[in-house]
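# What the coordinates show
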Amino acid sequence: MIGMTDGTWMLLGNTWQQWLLAIAITVVTFLALRPLRWPLERAVRAATKQSNAGVGQKLIDDLRRPLGFLFAITGVRFGLHALTLSVPLDRAVERGFGVLVIVAATVLLGRLLRLWLLEFSVRYIHDHDLGIDPKMVPPVGRVVTFVVWLLGGLMALDNAGFDVYSLIAGLGIGGLAIALAAQKTLSNIISGLSIVLDQPFRVGQWITVNGETGKVIDITWRTTRIQTFANATLHIPNDTVASAQVLNWDQHIDEFGVGYFIFQKLSFHPHHDPEKIVRLLTEAIDQTPAVDGRDKLGMNWVKFIEVDRHGMTFGIVFDCTDRLLKNTQENLVLQSIHRVLRREGISIVTGEFKGALETDPGLDAAPQLPSGKLEATLAADLAQVTTPS
């Protein structure tokens with residue numbers, strides 16, 4: 001490799017003058033390519049001038065090293081053209097140069113995509129109100145970066161002379177084993193993606209899943225986290241959420257009002273006058289203060305819905321615009337009903353009615369309400385209910 005021929009020092013078959021020329025070409029090429037960064041930096045600053053402060057400079061800082069590395073290996077490749085190399089060494093240099101270029105391009109593309117996802121896409125989602133949780137962007141950025149690195153690595157290995165197809169086949173068998181072992185985790189990830197795309201709920205909304213009610217505080221790739229009334233954080237696997245019936249308390253139909261409807265059923269002795277019971281219940285709800293800051297409750301609905309083993313059953317519906325205060329509002333309404341009924345000497349039936357009634361042939365012809373009597377009756381009456389002013 002190193003020797004002397006005709007009194008001249010030789011390295012890899014090239015004189016020291018050739019090596020000096022190669023080094024000079026490398027340095028000159030590197031210095032000539034460096035100014036190409038300046039128009040690129042100006043373009044980046046112009047493109048990011050409307051974004052948050054520091055985004056443009058951060059992008060420039062992320063691009064400087066891979067660009068400098070790309071300029072350096074380009075200079076070395078041009079410099080090596082001044083040398084006379086053996087065929088095997090020239091092929092090795094050519095492959096090495098290709099691998100390094102692919103690595104530099106992969107790093108460059110990965111950083112560009114990562115910064116674009118973390119900065120520009122978040123701002124775009126916010127500006128256009130797409131309803132996508134910005135917290136889901138960083139995991140997507142990591143997945144995209146991993147895919148870019150994976151493809152770049154395969155291209156670099158192929159350029160280096162490795163049998164990529166055999167490698168992919170081996171990875172396929174290993175990947176199948178890993179997929180079987182991580183089936184539950186993969187199911188949660190796919191379910192998390194479906195939740196993000198379908199958006200049955202968003203962060204900050206109140207939901208009920210499998211009987212558990214809470215406020216959504218985060219949606220990750222594996223779990224959905226809700227804050228319950230017990231001030232505890234409940235982690236629900238995404239595949240459980242995706243397959244369960246989810247009640248979203250914050251998705252309202254405007255024509256029905258803006259609050260949460262609270263349903264209650266109360267039973268009374270059959271000897272009472274139904275019209276009087278309806279009037280007293282309506283009065284009690286109307287006297288109840290709203291705990292959510294409104295002057296009064298927006299919904300006050302009372303109906304005599306059936307006669308069953310408990311006696312005469314009445315359905316009442318009122319509303320509350322703050323899900324956190326729902327139980328408080330319900331408590332105040334029931335207290336008000338108790339006071340009004342006590343004033344009139346009327347008691348609520350708490351068990352099955354055991355009293356004897358005289359036979360009334362007209363009862364056999366009484367129309368029967370369908371299943372879900374309270375809800376069906378309310379739905380039929382909603383168009384006629386007006387919000388009290």
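Placed above this text is the structure.
None of these values were measured; they are calculated from a predicted model.

## Some thoughts on the sheet that holds strand β10 (residues 300–308)
- Across the sheet, three strands lie side by side as β9-β11-β10; this open sheet has antiparallel pairing. For this open sheet the edge positions go to β9 (260–268) and β10, each flanked by a neighbour on one side alone. Taken pair by pair, the neighbouring strands of this sheet meet at an average axis angle of 20°, ignoring direction.
- As judged from the nine bridges shared by β9 and strand β11 (residues 311–320), these two strands associate in the antiparallel manner. What sits directly across from Phe-268, in β11, is Met-312.
- Against the sheet, helix α9 (residues 274–287) contacts β9, β10 and β11, and its axis sits at roughly 145° relative to β10.
- The strands that helix α10 (residues 326–343) touches are β9 and β11; relative to β11, the one it contacts most, it runs at about 135°.

## Focus: the pattern of salt bridges
- Following the criterion strictly, the structure yields nine salt bridges and no others.
- Note that Arg-225 and Asp-218 form a salt bridge whose closest N and O atoms lie 2.5 Å from each other.
- The class for Arg-225 is partly exposed, based on a relative accessible area of 22%.
- Given a relative accessible area of 12%, Asp-218 falls into the buried group.
- In this structure, Asp-286 and Lys-296 form a salt bridge, with 3.1 Å as the shortest nitrogen-oxygen distance. Here the residue Asp-286 occupies a position in helix α9, and Lys-296 occupies one in the loop between α9 and β10, the gap between them amounting to ten residues.
- Judged by relative accessible area, which is 28%, Lys-296 ranks as partly exposed.
- Here the salt bridges share partners, and the residues they tie into one network are Lys-276, Glu-283, Arg-343 and Glu-344.

## Focus: the environment of Val-333
- By the element assignment, Val-333 lies in helix α10.
- On the accessibility criterion, Val-333 (0% relative accessible area) is buried.
- Along the sequence, Val-333 and Ala-284 sit 49 residues apart, while their C-alpha atoms lie 7.2 Å from each other.
- Every residue in contact with Val-333, bar those within four places of it in the chain, is listed here: Ile-285, Thr-288, Leu-297 and Phe-318.

## Points about the packing of aromatic side chains
- Counted under the stated rule, the structure contains three aromatic pairs.
- Measuring from ring centre to ring centre gives 5.1 Å for Trp-206 and Phe-229, while their planes differ by 20°; the resulting arrangement is stacked. Placement of the pair is Trp-206 in strand β4 (residues 206–209) and Phe-229 in the loop between β6 (223–228) and β7 (233–237), with a sequence separation of 23 residues.
- Owing to a relative accessible area of 9%, Trp-206 belongs among the buried residues under this scheme.
- A residue is classified by how much of its surface remains accessible, and Phe-229, at 39% relative accessible area, is partly exposed.
- Between Phe-268 and Phe-314 the ring centres are 5.6 Å apart and the planes differ by 80°, which places this aromatic pair in the edge-to-face class. Taken together, the positions of Phe-268 in strand β9 and Phe-314 in strand β11 put the pair 46 residues apart, joining distant regions of the chain.

## Re a nonpolar patch on the surface
- A cluster of nonpolar side chains, Trp-9, Trp-16, Leu-20, Ile-23, Val-27 and Leu-31, forms an exposed patch at the surface whose accessible area comes to about 650 Å².
- Examining the composition of the nonpolar patch, we find that five residues originate from one element, helix α1 (residues 16–33), more than from any other.
- By the secondary structure assignment, Trp-9 is in strand β2 (residues 8–11).
- On the basis of relative accessible area, Trp-9 is assigned to the exposed category, the value being 53%.

## Some remarks on unusual backbone geometry
- Although it is not a glycine, Asn-210 sits at a positive phi angle of roughly 50°.
- Relative to the assigned elements, Asn-210 resides in the loop between β4 and β5 (212–219).
- Judged by relative accessible area, which is 56%, Asn-210 ranks as exposed.

## Some thoughts on the packing of α9 against α10
- Two numbers describe how α9 lies on α10: the axes approach to 8 Å, and their chain directions differ by 135°. Judged on the interaxial angle alone, α10 and α9 are oblique. Of the two elements, α9 crosses α10, and the hand of that crossing is right-handed. Residues Leu-280, Leu-281, Glu-283, Ala-284, Ile-285 and Gln-287 of α9 form the contact with α10, whose participating residues are Val-333, Ser-336, Ile-337, Val-340, Leu-341 and Arg-343.
- Here the contact of α9 with α10 is built from residues that sort into eight nonpolar, two polar and two charged.

## Digging into the pairing of β10
- As paired elements, β10 and β11 share eight bridges and run antiparallel to each other. Pairing of Asp-308 across the sheet is with Gly-311, part of β11.
- Hairpin connection between β10 and β11: a loop of two residues separates the two successive antiparallel strands.

## A word on the nonpolar core
- Counting residues in each nonpolar core, the largest one holds 21 residues, and the members touching the most others are Phe-268, Leu-281, Ile-285, Ile-316, Phe-318 and Ile-337.
- Contributing elements (two or more residues each) for this core: β9, α9, β11 and α10.
- Beyond its immediate sequence surroundings of up to four residues, Phe-268 is in contact with Ile-277, Leu-281, His-310, Gly-311, Met-312, Phe-314, Leu-341, Ile-346, Ser-347, Ile-348 and Val-349.
- Counting residues in each nonpolar core, the second largest holds ten residues, with Phe-201, Ile-207, Ile-219 and Val-241 among its members.

The rules behind the values
Residues numbered from 1 in each chain as written. Predicted model: local features only at pLDDT ≥ 70, side-chain atom pairs only at ≥ 80, totals over all residues. Heavy atoms only, no water. Pairing = 2+ DSSP bridges. Helix = DSSP H or I, 4+ residues; strand = E, 2+ residues; numbered from the N terminus. Axes fitted to C-alpha atoms, helices over the stretch in contact; angles between N-to-C directions. Contact = heavy atoms within 4.5 Å. Salt bridge = Lys/Arg side-chain N within 4 Å of Asp/Glu carboxyl O. Buried < 20%, exposed > 50% of the residue type's maximum accessible area, 1.4 Å probe, protein only. Phe/Tyr/Trp six-rings, centres within 6.5 Å; stacked < 30°, edge-to-face > 60°. Patch = residues over 30% accessible without salt bridge, like charges linked within 9 Å, V, L, I, M, F, W, Y side chains within 5 Å. Areas by Shrake-Rupley, 256 points an atom, 1.4 Å probe, with all protein chains shown as cover. Parallel < 35°, antiparallel > 145°, perpendicular 65-115°, else oblique. Left-handed = near helix turned anticlockwise from the far one by under 90°. Nonpolar A, V, L, I, M, F, W, Y, C, P; charged D, E, K, R; others polar. Core = buried A, V, L, I, M, F, W, Y, C linked by side-chain atoms within 4.5 Å.

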